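# Examining the three-dimensional arrangement
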Amino acid sequence: MVYYLRVKLLRRVSKERLQHVNQHHENWIRYRSTCENLLHEKYLYLAGAGGYDGLSAEQALRRLATQVESLLARESNDWLQLRRNLDEKTAGTAQPSSD
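Residues numbered from 1 in each chain as written. Predicted model: local features only at pLDDT ≥ 70, side-chain atom pairs only at ≥ 80, totals over all residues. Heavy atoms only, no water.

Time to look at the packing of aromatic side chains. Across all of its chains, the model carries 2 aromatic pairs by this definition. Relative to Tyr31, the ring of Trp28 lies with its centre 5.3 Å away and its plane at 35°, an arrangement referred to as tilted. Taken together, the residues span about one helical turn, with Trp28 and Tyr31 both in helix α1 (residues 2-47) at a distance of 3 residues. Classification of Tyr31 as partly exposed rests on a relative accessible area of 45%. On the numbers, 5.7 Å between centres and 80° between planes, the contact of Tyr45 with Tyr52 is edge-to-face. Residue placement shows Arg63 over the ring face of Tyr52; its charged tip is 5.7 Å from the ring centre. (Phe/Tyr/Trp six-rings, centres within 6.5 Å; stacked < 30°, edge-to-face > 60°. Helix = DSSP H or I, 4+ residues; strand = E, 2+ residues; numbered from the N terminus. Buried < 20%, exposed > 50% of the residue type's maximum accessible area, 1.4 Å probe, protein only. Lys NZ or Arg CZ within 6 Å of the ring centre and 35° of its normal.)

Quick look at the pattern of salt bridges now. Considering all chains together, one arrives at 3 salt bridges under this definition. Among the salt bridges present, the one from Arg62 reaches Glu58, with a minimum N-O distance of 2.5 Å. With Arg62 and Glu58 both in helix α2 (residues 57-94) and 4 residues apart, this pair spans about one turn of that helix. Arg62 gets classed as exposed once you look at its relative accessible area, which sits at 55%. (Salt bridge = Lys/Arg side-chain N within 4 Å of Asp/Glu carboxyl O.)

Written out as structure tokens, the structure is:
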């Protein structure tokens, strides 16, 4: 019986560690995606291309600020949703399972 409980505990710990590693990988991908989007917006602004084409310097700067704020707001919302999901999973694993 003790052996069975140890194996069960080891499985659970291993599963949670694997999920934790996968979570860091997913966070890194999201972070890099946001970073690349911000760089893309920066270079469009500097080149006066895309949505910045034909705008005055003041209008282009306003557009840049709006775009950056939009990207950061989306990242913040994604992060909050990710935290909520993680908290729900953690709460779900804290309950004893019927394995």
